[in-house]
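Single-letter residue listing:
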Amino acid sequence: MASELEPEVQAIDRSLLECSAEETAGKWLQATDLTREVYQHLAHYVPKIYCRGPNPFPQKEDMLAQHVLLGPMEWYLCGEDPAFGFPKLEQANKPSHLCGRVFKVGEPTYSCRDCAVDPTCVLCMECFLGSIHRDHRYRMTTSGGGGFCDCGDTEAWKEGPYCQKHELNTSEIEEEEDPLVHLSEDVIARTYNIFAIMFRYAVEILTWEKESELPADLEIVEKSDTYYCMLFNDEVHTYEQVIYTLQKAVNCTQKEAIGFATTVDRDGRRSVRYGDFQYCEQAKSVIVRNTSRQTKPLKVQVMHSSIVAHQNFGLKLLSWLGNVIGYSDGLRRILCQVGLQEGPDGENSSLVDRLMLNDSKLWKGARSVYHQLFMSSLLMDLKYKKLFAIRFAKNYERLQSDYVTDDHDREFSIADLSVQIFTVPSLARMLITEENLMTIIIKTFMDHLRHRDAQGRFQFERYTALQAFKFRRVQSLIFDLKYVLISKPTEWSDDLRQKFLEGFDAFLELLKCMQGMDPITRQVGQHIEMEPEWEAAFTLQMKLTHVISMMQDWCALDEKVLIEAYKKCLAVLMQCHGGFTDGEQPITLSICGHSVETIRYCVSQEKVSIHLPVSRLLAGLHVLLSKSEVAYKFPELLPLSELSPPMLIEHPLRCLVLCAQVHAGMWRRNGFSLVNQIYYYHNVKCRREMFDKDIVMLQTGVSMMDPNHFLMIMLSRFELYQIFSTPDYGKRFSSEITHKDVVQQNNTLIEEMLYLIIMIVGERFSPGVGQVNATDEIKREIIHQLSIKPMAHSELVKSLPEDENKETGMESVIEAVAHFKKPGLTGRGMYELKPECAKEFNLYFYHFSRAEQSKAEEAQRKLKRQNREDTALPPPVLPPFCPLFASLVNILQSDVMLCIMRTVLQWAVEHNGYAWSESMLQRVLHLIGMALQEEKQHLDNVTEEHVVTFTFTQKISKPGEAPNNSPSILAMLETLQNAPYLDVHKDMIRWILKTFNAIKKIRESSSTSPVAETEGTIMEESSRDKDKAERKRKAEIARLRREKIMAQMSEMQRHFIDENKELFQQTLELDASTSAVLDNSPMVSNMALTALGPAQTQVPEQRQFVTCILCQEEQEVKVESKAMVLAAFVQRSTVLSKNRSKFIQDPEKYDPLFMHPDLSCGTHTGSCGHIMHAHCWQS
């Protein structure tokens, strides 16, 4: 067969080779209808060059195409031999100052962390090595393909936009000039003609949808019956499915099928059979039948060979256009004009629009080729980049919808070009103001998430695989929004304000659909049957985290925008929670003579949601009002009087109560989905716009209300109101309720509530809440991470939140707070906290997990013991609040707070009558410490005309009121410092009393009327210090004596061995010895005990003490003591067996302690070695 074809192929080759490019070009120059001439030429020659058999011959086809098809075009364009014409064009051209190198998959790219406007600004290796950025902090990554080098783009870099190679051209290009001035009019006219025809031809043939006939002007008379069965790529079927199907359908070997599958995956399509129509149709039906069982079938088309030939040449032509425009910026400008010129059909009829709108219909190879052409033409010409950006924005909704329904990866979609357009600051601003881009992106996003519940919130419950797939693709729109917002405006026009606020409205609509989504109800009785869908909502939250932060950053840049955004956000929050009291029963709470009205709501019984983005956004904007001082400059423009503090705090408080109840084990029956939600709520990836903002929202609400009212509402939400509002309730509760779980749950809830109060008063390191800056905030994060243990750079970076530029800000402050300890021969370099920073350690730092808090406490106490200091961990001195939040400190001296403190201390004093915990007491001591620090600061900073209103020391000196007449908080602290069961907290109580006395002295020295004090405190304090010094002195004497005795014993041993060498060799079994001549006290060793010498004494038996691992009680091992046991695992063993086949007839009566000579099977007992009381183990 091959030998018959060869002469024909040779004959074709000969007729093609005789075709002259120069003559054809000459003929075209004379033609009156150039389009017709060129199309006739293509119609005649393209089918003769391409697709001549079952397998392509790329080298031969390219060589013939260059000679017969592209050659004439180059001659026509240059008007002379292109070998001379193109170098002339190149010489006349002023080279572009943009690099524009398109990256291949896997190629290294570099981004400067100091100078890049955003992380998408990258350099190729050549430009990077020739730039100033090689000496900066940079990030190196591998390209996924499709992007291009930003060298020369002044909008991409804060400094050093040019490398050495491209810098040469910047001196001439001061102002934008028209690149066409470097071309003659003839060349411009010819180029315009040929580009218009060839670009139109390529677009027409690539978007052609008929399978067996060509466009009328490309049809030829003698049409052969040769077809291809063309298989297209999809992302649904696996390699194995495709290979198996092809083997059945076209009867090929596995190796051939693998080759077909690989080409289909790489290029997007491949012909798998060549022949007449019937022959190809048969293969198509087998492929469709075999792949349509579970999913949609593979896409297969039977296409006429001439259509495939023209499409292959169309791709070759687009690559050729990309190469030709590289010779001259003028040629690039002409191609851009041709591409964006509107056709006869008006809107969306330009060639560029047609290609974009047909993107999802094209195969992978065709998409890649035309995307590359767009990047080397439209995106490299600054004038047309702007026009292309407008076209892209106008078609944005349609392009994204096509991408969502398409199954190809993002890098093969035209939608992926958004990163090249939206990250250019000037284009992004222009598209926001002229095309309302922000609103378009958000509305498009919401249009794809139509699954809502009755309240209009997003619902991700019954998601099918297809919906989940769509949701993953829709998330790419969030990235587009992030690209638009990533560079902040320096100047605001009225248009930009208006359009940004329109976009902000749309964004609030999106957040409104998220507010309260995925509500959960506590399971009681039985475990939840099916884990609910929670990941989709958190994925959405995670993707939006940076966008929410950037929205706030934009608002912060303009006072008018901030005020409007605040009003809009508050209005939406009121819509969401307008009826938050509807159907709820109002109740009145009262403690210590204070009353407040609220609603009856139990987190443990009602629905509660962890998703509250509108509340959290308002919290962020409220902090910005404080930070930018807008709240003080324009109070009349703000709706602060309309705010209802109880409404603001209600939902964030419910969320924090939910976390506390989960920690207390009340939601165990809700399964792992809730545990995971709580984990991510606190996780470093989400916390900035979730947990942190909930704390800020509580601070916002509480700063505007009576702290007593807030504390009562909080007690009610924590379901602890009864305990603290009823005298002696705790005692009755612990005696009445024998159920250990309920007592434990309540204790944990009290601990969590106290922790929340510590956070509300103590977390002031957000700029706007406290008088700090962003550097202080990051310093504090690092100090607390390094308080746990020294950390490597990578470990530390992971524990810090990243901003939208993937920066943590760590490098700028790390030197101030830590020393770098270089690695040894193995291991990693570690950052260690500087000793002077330890005073800033806060045991109740709000970003610690429980495990981290425990480790940090242990590490800090150990450090203090090493430095021979008190082990107390007092609260650090805090920066002052901003004026808007200044009233928060009053929580510490409010009546209800003092009542809570007094109650917990009372429980600790009468420790047997109540159910309480040491953690609870520790938190109360911390709060008292915070209040004392606060008062000390107030006194230190007070001026003569101001009176210190913070009088915590006075309030804790007063005893409780009738009828209880309980002792004062101070008196109870003095009682507790001598309590043997509170040894761990003694140092902390001592520190509190010492600080109290220091404050008292300050008050006495500055005031004529000193605070009423409990008598004898100072004397007790000084006597305590003396006792402490005496104890230290005695401990030191005892230590020196021990060391002296040990040295003496060692010396005695050595002398004895020297003097009794013979005896020592004869009695090798003797392990220890002592000389009673020198000392009457025997030496005890843990080996076999033997006494030697003339005056032998009886050696006492060694006593053994062990600790129960369950109750931690130490006990001596004696016959009459409580029984101690080891957990053991007893199993059959055949390790030493001589007869493994023997079968034990009656295992119940078999004695495992009696061993048969054949050792058929024995008993192996293993234990972990941990000792327990028998009764502890049983219970």
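Residues numbered from 1 in each chain as written. Predicted model: local features only at pLDDT ≥ 70, side-chain atom pairs only at ≥ 80, totals over all residues. Heavy atoms only, no water.

A. Here's a closer look at the overall build of the protein chain. Of the regular secondary structure elements, the protein chain holds 46 helices and 13 strands. In the protein chain, which comprises 1179 residues, the proportion classed as buried is 51%. Taking as baseline every contact in the protein chain between residues at least 6 positions apart, the subset at least 24 positions apart corresponds to 75%. When the accessible area of the protein chain is evaluated, it comes to approximately 58200 Å², of which 51% is carbon and sulfur surface. (Helix = DSSP H or I, 4+ residues; strand = E, 2+ residues; numbered from the N terminus. Buried < 20%, exposed > 50% of the residue type's maximum accessible area, 1.4 Å probe, protein only. Contact = heavy atoms within 4.5 Å. Areas by Shrake-Rupley, 256 points an atom, 1.4 Å probe, with all protein chains shown as cover.)

B. Local environment of the sheet that holds strand β5 (residues 300–304). If you walk across this open sheet you meet the three strands as β4-β3-β5, and the pairing is antiparallel. Pairing within the sheet leaves two strands with one partner each, and these edge strands are β4 (269–275) and β5. Going from strand to strand, the sheet's axes swing by 30° on average, the running direction of each strand aside. Bridge count between strand β3 (residues 227–232) and β4: six bridges; the pairing is antiparallel. Among the inter-strand pairings, Cys229 is bridged to a residue of β4, identified as Arg273. Across the sheet, helix α11 (residues 277–291) is in contact with β3, β4 and β5; its angle to β4 comes to roughly 135°. (Pairing = 2+ DSSP bridges. Axes fitted to C-alpha atoms, helices over the stretch in contact; angles between N-to-C directions.)

C. Focus on the pattern of salt bridges. Going through the model one piece at a time under the given rule, you end up with 48 salt bridges. The partner of Glu811 in a salt bridge is Arg137, and the shortest N-O contact between them spans 3.3 Å. Of this pair, Glu811 sits in helix α37 (residues 810–817) while Arg137 sits in the loop between α6 (125–129) and β2 (138–142); the two residues are 674 residues apart in sequence, bridging distant segments of the chain. On the basis of relative accessibility, which here comes to 30%, the residue Arg137 falls in the partly exposed class. Among the salt bridges present, the one from Asp329 reaches Arg332, with a minimum N-O distance of 2.7 Å. (Salt bridge = Lys/Arg side-chain N within 4 Å of Asp/Glu carboxyl O.)

D. Highlighting the side chain of Arg902. Along the chain, Arg902 falls in helix α39 (residues 895–909). A residue is classified by how much of its surface remains accessible, and Arg902, at 18% relative accessible area, is buried. Setting aside chain neighbours within four positions, we find Arg902 in contact with Lys955, Lys958, Gly960, Ser966, Pro967, Ile969 and Met972.

E. Structural view of the side chain of Asp381. Relative to the elements of secondary structure, Asp381 occurs in the loop between α15 (364–376) and α16 (382–394). The buried category is assigned to Asp381, whose relative accessible area is 5%. Within polar-contact distance, the side chain of Asp381 engages the side chain of Arg333 at 2.8 Å. Every residue in contact with Asp381, bar those within four places of it in the chain, is listed here: Arg332, Arg333 and Cys336. (Polar contact = N/O pair within 3.5 Å; in protein donor to acceptor, adjacent residues only side chain to side chain.)

F. Structural context of the nonpolar core. Core analysis: the biggest nonpolar cluster contains 281 residues, and Phe195, Phe313, Phe388 and Phe500 have the highest contact counts within it. Leaving out residues up to four positions away in the same chain, Phe388 has contacts with Leu340, Val352, Met356, Phe374, Leu378, Leu379, Leu417 and Ile421. Of all hydrophobic cores here, the second largest spans 21 residues; its members include Phe260, Ala261, Val272 and Cys280. (Core = buried A, V, L, I, M, F, W, Y, C linked by side-chain atoms within 4.5 Å.)

G. Structural view of the packing of aromatic side chains. This structure, assessed with the given rule, holds 33 aromatic pairs. When the ring of Phe845 is compared with that of Phe848, the centres are 5.3 Å apart and the planes differ by 80°; the resulting orientation is edge-to-face. Through a chain of ring-to-ring contacts, three or more aromatic side chains come together here, namely Tyr370, Phe374, Phe388, Phe392, Tyr396 and Phe422. It is Lys299 that lies over the ring of Phe232; its NZ or CZ is 4.6 Å from the centre. Between Arg473 and the ring centre of Tyr403, over which it is positioned, the NZ or CZ distance is 4.3 Å. (Phe/Tyr/Trp six-rings, centres within 6.5 Å; stacked < 30°, edge-to-face > 60°. Lys NZ or Arg CZ within 6 Å of the ring centre and 35° of its normal.)

H. Fine view of the environment of Glu159. Secondary-structure assignment places Glu159 in the loop between β2 and α7 (164–167). Distance in space between the C-alpha atoms of Glu159 and His133 is 9.2 Å, their sequence separation being 26 residues. Ignoring anything within four residues of it in the chain, the contact list for Glu159 reads Cys115, Ile132 and His133.

I. Representation of the environment of Leu905. Within the secondary structure, Leu905 is located in helix α39. What makes Leu905 buried here is its relative accessible area of 0%. Counting along the chain gives 15 residues from Leu905 to Met920, while the straight-line C-alpha distance between them is 9.4 Å. When near neighbours in sequence (up to four residues on either side) are disregarded, Leu905 contacts Leu921, Val924, Ile928, Ile969, Met972, Leu973 and Leu976.

J. View of a nonpolar patch on the surface. The grouping of Ile1109, Leu1110 and Trp1177 at the surface amounts to a nonpolar patch, some 330 Å² of accessible area in total. Within the secondary structure layout, Trp1177 lies in helix α46 (residues 1174–1178). Assessed through its relative accessible area of 56%, Trp1177 is described here as exposed. (Patch = residues over 30% accessible without salt bridge, like charges linked within 9 Å, V, L, I, M, F, W, Y side chains within 5 Å.)

K. Fine view of helix α22 (residues 476–485). The buried fraction of α22 amounts to nine of the 10 residues, a majority that puts the element mostly inside the structure. Residues of α22 that are buried include every one of Ser476, Leu477, Ile478, Asp480, Leu481, Lys482, Tyr483, Val484 and Leu485, and no others.

L. Fine view of the pairing of strand β7 (residues 594–599). With six bridges connecting them, strand β6 (residues 586–591) and β7 associate as antiparallel partners. Looking across to β7, one finds that Ile591 is bridged to His594. Taking the residues that link successive antiparallel strands as the turn, the β6-β7 hairpin has two residues, and the phi of Cys592 there is positive, at about 50°.

M. Structural detail: the packing of helix α12 (residues 305–324) against α15. In the contact formed by α12 and α15, the axes pass within 9 Å of each other and the chain directions differ by 20°. Viewed along their axes, α12 and α15 adopt a mutual orientation that is roughly parallel. Remark: the crossing between α12 and α15 carries left-handed chirality. Every residue of α15 that contacts α12 at Leu315, Leu318, Ser319, Leu321 and Gly322 is listed here: Ala366, Val369, Tyr370, Leu373 and Ser376. A breakdown of the residues in the contact of α12 with α15 according to their chemical character gives seven nonpolar, three polar and no charged. (Parallel < 35°, antiparallel > 145°, perpendicular 65-115°, else oblique. Left-handed = near helix turned anticlockwise from the far one by under 90°. Nonpolar A, V, L, I, M, F, W, Y, C, P; charged D, E, K, R; others polar.)

Interpretation note: all reported values are geometric properties and have no functional meaning in isolation.
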